Amino acid sequence: YTGRLIVGFVGNVVLTVICLDMDTFVVVIACVATYLLAAIPTGLIVVRCTHGIDLRTVGSGNTGATNVKRVAGNKWAALVLALDFLKGFVPVLLA
């Protein structure tokens, strides 16, 4: 049943199971992991850990490197920029 949709019933509950082959399963897991990695707000975390400031409440309110530069300075903005770059680059490199 590889790659097929299996629907079954348990009492009044409909169960849906998708049986995937291993290659498809790996791709799905990689996509989910990449999505979760990209969702990490690195600017917010860096500024909160180093300065104790909620980045969303100061400057432009964005959590990106430009607002980090305004609030925390060049050194921390460079770190956030590098981390954000790696969040996009590493999954592509591993693909």
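Check the entry above for the structure.
What this report covers is the structure whose coordinates are included nearby.

**Quick word on the pattern of salt bridges**
Counted according to the given criterion, the structure contains three salt bridges. Put simply, Arg 48 and Asp 54 hold a salt bridge, and the shortest N to O gap is 3.4 Å. Look at Arg 48 and you get partly exposed, because its relative accessible area is 41%. Of the charged contacts, one joins Lys 87 and Asp 84 as a salt bridge, the two residues approaching to 3.4 Å between their closest N and O atoms. Here Lys 87 pairs with Asp 84, and both are found in helix α4 (residues 74-94), just three residues apart, close to one helical turn. Residue classification places Lys 87 among the buried positions, given a relative accessible area of 15%. Since its relative accessible area comes to 29%, Asp 84 is described here as partly exposed. Several salt bridges converge on common partners, so that one network encompasses Arg 48, Asp 54 and Arg 56.

**A few points about the side chain of Asn 67**
With respect to the helices, strands and loops of the structure, Asn 67 is situated in helix α3 (residues 65-72). When its relative accessible area of 1% is taken as the criterion, Asn 67 is described as buried. Apart from the residues within four sequence positions on either side, Asn 67 is in contact with Leu 55, Val 58, Gly 59, Ser 60, Gly 61 and Asn 62.

**Looking at α3**
Within the span of α3, buried status applies to Ala 65, Asn 67, Val 68 and Ala 72. Looking straight down α3, one finds that the buried residues subtend no more than 155° of arc, so they occupy a single side. Turned more than 90 degrees away from the buried face of α3 sit Thr 66 and Arg 70, all of them exposed. Contacts made by the buried residues of α3 are with α2 (42-51) and α4. Directly after α3, the chain includes Gly 73, whose backbone phi takes a positive value near 110°.

**Points about the packing of aromatic side chains**
Using the criterion set out here, one finds one aromatic pair in the structure. Seen in terms of ring centroids, Phe 85 and Phe 89 are 5.3 Å apart; in terms of plane orientation they differ by 15°. Their pairing is stacked. Of the two residues, Phe 85 and Phe 89 both sit in helix α4, four residues apart, roughly one turn of that helix. Classification of Phe 85 by relative accessible area gives exposed; the value is 52%.

**Observations concerning the nonpolar core**
In this structure, Leu 44, Val 46, Val 47, Leu 55, Ala 65, Val 68, Ala 72, Ala 77 and Val 80 together form the largest nonpolar core, which totals nine residues. Contributing elements (two or more residues each) for this core: α2, α3 and α4. Every residue in contact with Ala 65, bar those within four places of it in the chain, is listed here: Ala 77, Val 80 and Leu 81.

What counts, and at which threshold
- Residues numbered from 1 in each chain as written.
- Predicted model: local features only at pLDDT ≥ 70, side-chain atom pairs only at ≥ 80, totals over all residues.
- Heavy atoms only, no water.
- Salt bridge = Lys/Arg side-chain N within 4 Å of Asp/Glu carboxyl O.
- Buried < 20%, exposed > 50% of the residue type's maximum accessible area, 1.4 Å probe, protein only.
- Helix = DSSP H or I, 4+ residues; strand = E, 2+ residues; numbered from the N terminus.
- Contact = heavy atoms within 4.5 Å.
- Arc of directions from axis to C-beta.
- Phe/Tyr/Trp six-rings, centres within 6.5 Å; stacked < 30°, edge-to-face > 60°.
- Core = buried A, V, L, I, M, F, W, Y, C linked by side-chain atoms within 4.5 Å.

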